[in-house]
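For reference, the chains in residue letters:
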Amino acid sequence: MSNNSIISNLINICGEKNVSNDASVLEAYSSDMSYVEAKAPLCVAWPSNAKKIEEIVKLANKLYFSIIPISSSAGPRLHGDTIPQKDNCVVLDLSRMKKLLKLDKKNRVMMIEPGVTFGDIIPTLEKKGLKLNIPLHPRASKSVLASTLEREPVTIPRHMWDSSDPLLCTEVIFGTGDLFRTGTAGGPGTIKQQEKAGIAQLNPMGPTQFSPYRVIQGAQGSMGVVTWATIKLEMKPTIQKVYHLQSDDLQELLDFHHDLIKYRLCDELLILNNLNLACLLKQTPQEINNLAKELKKWNLIYVLAGRGKLANDKLEYLMGDIADIMEEQGLDPSKEKEIINDTNILRVLRQPDTDSWRMRLKGGHQDIFFLSNFERIPEFVSIMESQNSYDLGVYIQALNLGTSHHCEFNIYYNPNNAEESKHLKENFLKTCTKLMDAGAFFNRPYGPWAKEAYERHSASTQSALKKVKKIFDPNNVLNPGVLCFDD
Amino acid sequence: MVLEEDTFKEFEKAVGVGNVNDGEVITDAYAYNWCMEMFNYMDGKEPLPYSSRPKAVILPSSTEEVQKVVKLCNKYGIQVKAQSTGLGPWNCVSSNNSIVVDLRRMNKIVKIDEKNLYCVVEPYVSGAQLQAEIMKYGLNCHMPGAGPQVSPLASATSMNGPGFTSPSTGHSSRNVLGVEWVLPDGEIMRLGSWGMKNNPDWFNGDGPGPSLRGIMRGWAGAKSGLGIFTRVAVKLFPYPCSTDFELSGHSPNYDFKIPDFMRLYVMDCKNFKRLDEIIIQVEKEEISFMCSYLSGLAVMAIFANSFEQMMELMAVGGMKAPLVVIIAARTKREFEYKQKVMDYILEKNKLANIIGKQYTPYPVFYAEALRSNLGLHGFIATGGFQSTLGQCDTAKMCLNSATLNVPAKQLFIKKGAVANDFGEGVWMTSYESGHYFHAESPTMFDQTNKHSVKGTAQYFERSNEIGLVKHLGAPFFVEGDRWHDMFGPHMHNYHLWLRKIKEAFDPNNIADGGFYITPGKDKKGALKK
């Protein structure tokens, strides 16, 4: 089937205005900040609903073209997972599907389409007295649904009861073109009938004896195209107090951090090095460097929050209990001098970023991130520091009730400096594989990480994943080339 | 000898002499289980408490031995059913071509990881054993409603997972981290970070990439229909109060020193509408260790050790919509704060806590709450017990489900098949500070009486059908081909996807799918539209 025929079929489904193969349009989808080789898609289509997506996926199976789903309205895109790796790739841009389908305060849940961004939703939730457990200062144009599907780390570990949170139920079009609903959304009955029975699509598990949402999550769009999802929400606090502890000894902060998560004493909880905290709070390179110099190397941030009539009582009990822990650990909070203020910290913890805070220092960054257990975090920091000659940001985030830790290293560089860029590119993968060899768990293996991560993982995992892929996308029409599905 | 002599010897070589038995005394014992009679009747068989007789019972002691056994099953075309602590018919074989793999020799707590807040257990570790060890570190585990005597591994990987402490310890399925799993073809799969070749560890069970936990289980587990789990890492939680545990006396009349910073509230919300509002108010405050709605009769049962004791509690049983909350705290400050919140909610909603005023439970109740032992009180009235319903989503849906179930249950009460709880017997618990709820209807019946067993089975079927036609979600016991083929067409044909998974991972149909799904039953091929 010719390319023209594919495009004309897509126009029949989406309408002429919603399909483009204009070179200037395609360029934006051809490359990103990663080291994945640039390649232009055949065209871009902007479907407006699940029915059209279903038709397109069926068409892809019939005409043998590939589909790359994209949800965020604007970049920068970072990981290479949406760059075509095969010919005849159609980008399915879902960013125009922007409906907030349901906001249910009583049950602390919302139902959103893929195009709803952090910039769209955070103000709406705030007005309703709700909040979402969000990644660290996410880009305003970033799709909330894509972020949850990618298992991006969130900043309140005590509200992350499972590694899949805050994602709950989904509506998905599998690679076969079949529409499916996961969790309690699976039925019986339509969503309206379920709502009449009192169901709010809160339970992500199932239907019955499997949980397909877990294989859609982390799949980089290679198992199904999600057309809406329900997302878990929390009540918005009415008062909050920010704490900032500094040390030159990472272990000292980690030990205290451990007790905060063990006893679930705080909301947001994270550790940043001085450079990353400065990047978050300041705008210009000079301001960033000045603040970084003022700060000690390691910075623990945590937020205590209370709500309603007894909010102050809650804060009092939390402060008292935390003071006892600090005393036991020989920490003295009174020694901390206030360098940054609560408002600025809360802004970066609760609000979306209009651009990307990681771009402010040098205009470019390459990120390395993986999961670690608690004890090995300092070891991975040492490996990274020994391998790196660039400005290095570090972000450590406890996840999943403190059972694992996201370790993120942001390598800041000037993309206009050819020599610097070349050197970084040559060494980037080597550094990653060194970390993998040491036992860093690259559980979200993007681009060239995938091959390396699966080589270092038991063969049975890869074999099982291929069986799953064969079930849900037997013709490999969804995002071919990612993960381990192309030998 | 039921197995061919050569086959027997090969199994014996795999697990050691003395660890394979196909004699009738042993195999008959493994054919018996609680509630088997009811499930037999639902399958159109005589309501006897026995399954088919397994061909043999095999006791492996390690993952590698389990693998050898499964490979031999593939070689000889014999099906395999695994069991850990073995409670319920799900542990019994569904055909006479199946062996039982009893995992009782795999009984170690492999690791207690205080820093990363998880432990790793083998199949035959009980919740009670685990809790006794992790208390030493100030930690607690989630235990299913089935009680502390059952296997946390089985609950996490293969069974259901609600528990009385679910508001603070979640659901078994969502507490899973690394997993070690012998697939039906004999391959060993290690999920997440435990599958790494370099420095494997148990702290995460997802990826790289998609999480195979989605294939492993759903709201319900696959009940060994998709392989055998030999080790699992599950999350641990802070112990809710002081770990002092001073118990004296003799069963069942133990005395117990109630630990510091623990308080029980039982309040009558009067009707379901108010109950729905109030339970959510409590849970949004994130203060409860336990937060359940129990029907009046169920409240009587959790405070009683005998039928006679239960009858003495009629005044308690008269409550229309009792909400049972336990708050527990690590420190005096935390305890005072939580009590203030409860006082505020009580005052705001004009509720009264009957505890200490109208009724004071025996102190051992608190020990049982900490040990998650309350579910076993369901057996007091008749000696036989099973739950219907089991859907999970909002409190409102759960209470709708409970209401719609009453006439069905009353019908079988009138027939004299199930014990009279006015049709209202329900336990509903919150999960994860009220982010979702599930409700089930504990039903007491006489397992030794054919009329009672048949009536209870008929009531179960009716109750499941109500879930389907009223769009309340899939109940607990939608498992096995018949139920999947009934519910699947109304639920996006999920049964066809589940069947594809079974076929892909178990090409020789070796894992006994009697309580899961079996391949090839639906001959229609392509997914129905």
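Description of the structure in this document. (Residues numbered from 1 in each chain as written. Chains lettered and ligands numbered in written order. Predicted model: local features only at pLDDT ≥ 70, side-chain atom pairs only at ≥ 80, totals over all residues. Heavy atoms only, no water.)

### Some thoughts on empty space enclosed by the protein
Here is the rule: As defined here, a cavity is a set of points on a 1 Å grid over the protein atoms alone where a 1.4 Å probe fits but cannot get out. A pocket is an open set with protein on both sides within 12 Å along at least five of seven lines, and residues line them when an atom is within 4 Å of a point. Grid points are joined across faces, edges and corners, and a volume is the space filled by probe spheres set on the points. Note on conventions: DSSP H or I runs of at least 4 residues are helices, E runs of at least 2 residues are strands, and numbering of each starts at the N terminus. Three classes are used: nonpolar for Ala, Val, Leu, Ile, Met, Phe, Trp, Tyr, Cys and Pro, charged for Asp, Glu, Lys and Arg, and polar for all others, with Gly counted as polar.
Per the stated rule, a full pass over the model turns up 14 cavities of 30 Å³ or more. Computed from the structure, the largest cavity encloses a volume of approximately 810 Å³. His 79, Lys 142, Ala 146, Glu 150 and Glu 152 of chain A are, among the 44 residues lining the largest cavity, the residues nearest its centre. Its boundaries defined by the atoms lining it, the second largest cavity holds a volume of some 600 Å³. Lining of the second largest cavity is provided by 35 residues; of these, Tyr 263 and Arg 264 of chain A together with Glu 286, Glu 334 and Lys 338 of chain B occupy positions nearest its centre. Secondary structure elements with two or more residues in the lining of the second largest cavity: strand 14 (298-306) and helix 11 (311-328) of chain A together with helix 7 (166-169), strand 11 (237-238), strand 15 (288-294) and helix 13 (332-348) of chain B. No other element matches the four residues that helix 11 of chain A contributes to the lining of the second largest cavity. Residues belonging to the lining of the second largest cavity are distributed by class as follows: 18 nonpolar, six polar and eleven charged.

### Remarks on the state of the cysteines
Defined simply, a disulfide is a covalent bond joining two cysteines at their sulfur atoms. Formally: Any pair of cysteine sulfurs within 2.5 Å is marked as a disulfide.
For the structure shown, the criterion picks out zero disulfides over all chains. Of the cysteine sulfurs around Cys 89 of chain A, a residue in no disulfide, the closest is that of Cys 43 of chain A, at 10 Å. Not engaged in a disulfide, the cysteine Cys 35 of chain B finds its nearest cysteine sulfur in Cys 92 of chain B; these two sulfurs lie 11 Å apart.

### Details of the pairing of strand 14 of chain A
All names here are of chain A. The criterion, for reference: Note on classification: 1.4 Å probe, protein chains only; a residue is buried when its accessible area is under 20% of the maximum for its type, exposed when over 50%, partly exposed between these limits. Any two strands are treated as partners once DSSP identifies two or more bridges connecting them.
With nine of its nine residues buried, strand 14 lies for the most part within the structure. Going residue by residue along strand 14, you find Trp 298, Leu 300, Tyr 302, Leu 304 and Gly 306 tucked away on one face and Asn 299, Ile 301, Val 303 and Ala 305 tucked away on the opposite face as well. The pairing of strand 12 (residues 239-247) with strand 14 spans nine bridges and is antiparallel. In the strand pairing of strand 14, Tyr 243 is matched with Tyr 302. Where strand 13 (residues 269-273) and strand 14 come together, five bridges link them in antiparallel fashion. Residue pairing across strands places Leu 270 opposite Ile 301, the latter belonging to strand 14.

### Remarks on the interface of chain A and chain B
Definition in use: What makes two residues a contact is simply this: any of their non-hydrogen atoms within 4.5 Å. Here's the idea: put two parts together, see how much 1.4 Å probe accessible area each one loses, and the total over both is what we call buried area. Counted as salt bridges are all cases of a side-chain nitrogen of Lys or Arg within 4 Å of a carboxyl oxygen of Asp or Glu. Whenever a nitrogen or oxygen atom comes within 3.5 Å of another N or O atom, the pair is scored as a polar contact, on the condition that within protein one atom can donate a hydrogen and the other can accept it, and that pairs from neighbouring residues in sequence are kept only if both atoms are in side chains.
Every contact between the two is made by 104 residues of chain A and, on the other side, 102 residues of chain B. For the pair chain A and chain B, the summed buried surface comes to about 8700 Å²; carbon and sulfur atoms form 58% of the total. Salt-bridge contacts for Asp 162 of chain A lead to Arg 213 of chain B; the nearest nitrogen and oxygen are separated by 3.1 Å. Where chain A meets chain B, there are 55 residue pairs in polar contact (both at pLDDT 80 or more).

### Structural notes on the pattern of salt bridges
Here the structure, examined in full by the defined rule, presents 62 salt bridges over all chains. For Asp 437 of chain A, the salt bridge is made with Arg 456 of chain A, and the minimal N-O distance between the two is 2.6 Å. Here Asp 437 of chain A, found in helix 14 (residues 418-437), pairs with Arg 456 of chain A, found in the loop between helix 15 (449-455) and helix 16 (459-472); they are 19 residues apart in sequence, far enough to count as distant. Connected through shared salt-bridge partners, Asp 162, Asp 165, Arg 214 and Lys 232 of chain A together with Arg 174, Asp 206, Arg 213 and Glu 432 of chain B make up one network.

### Focus: the sheet that holds strand 15 of chain B
All names here are of chain B. The criterion, for reference: Helix axes are fitted only over the stretch in contact, all axes being lines through C-alpha atoms; the angle between N-to-C directions runs from 0 to 180 degrees.
The six strands lie next to each other as 14-16-15-18-19-17, forming an open sheet whose pairing is antiparallel. Edge positions in the sheet fall to strand 14 (262-268) and strand 17 (384-393), since each has one partner strand and no second. With strand direction ignored, the average angle separating the axes of adjacent strands in the sheet is 20°. Strand direction decides the pairing type here: strand 17 and strand 19 (residues 436-445), joined by eight bridges, are antiparallel. Bridged to Cys 392 within strand 19 is His 438. With respect to the sheet, helix 9 (residues 272-284) is in contact with strand 15, strand 16 (322-328), strand 18 (427-431) and strand 19, its orientation differing from that of strand 15 by roughly 170°. Running over the sheet, helix 13 touches strand 14 and strand 16 and is turned about 10° from strand 14.

### Points about the packing of aromatic side chains
Just so we agree on the cut-off: Aromatic rings from Phe, Tyr and Trp, with only the six-membered ring used for Trp, were paired whenever their centres fell within 6.5 Å, and each pair was classed as stacked if the ring planes differed by under 30 degrees, edge-to-face if by over 60, and tilted otherwise. The criterion is that NZ of a Lys, or CZ of an Arg, lies within 6 Å of the ring centre and within 35 degrees of the ring normal, and then a charge sits over that ring.
Tallied over the entire structure, the rule returns 42 aromatic pairs over all chains. With a centroid separation of 6.0 Å and an interplanar angle of 70°, the aromatic rings of Phe 39 of chain B and Trp 90 of chain B are classed as edge-to-face. In this pair, Phe 39 of chain B is assigned in helix 3 (residues 36-42) and Trp 90 of chain B in the loop between strand 3 (79-83) and strand 4 (98-102), connecting sequence segments 51 residues apart. A relative accessible area of 7% places Phe 39 of chain B in the buried class. You can call Trp 90 of chain B buried: its relative accessible area is 6%. Ring centres of Tyr 459 of chain B and Phe 460 of chain B lie 6.1 Å apart, and the angle between their planes is 90°; on these two criteria the pair is classed as edge-to-face. Residue Phe 460 of chain B is classed as buried on the basis of its relative accessible area of 2%. Taking the ring centre of Trp 161 of chain A as reference, the NZ or CZ of Arg 264 of chain A above it sits at 4.8 Å. Positioned above the aromatic ring of Phe 505 of chain B, the side-chain terminus of Lys 467 of chain A is 5.2 Å from the ring centre.

### Structural notes on the layout of surface pockets
Residues and elements named next belong to chain B. In this structure, the second largest pocket encloses a volume near 470 Å³. What lines the second largest pocket is a set of 26 residues, among which Asp 43, Ser 94, Gly 480, Gly 514 and Phe 515 lie closest to the centre. Secondary-structure elements contributing two or more residues to the lining of the second largest pocket are helix 3, helix 16 (450-469) and helix 17 (481-487). The greatest single-element share of the lining of the second largest pocket, amounting to four residues, is contributed by helix 3. Its residues assigned to classes, the lining of the second largest pocket shows nine nonpolar, eleven polar and six charged.

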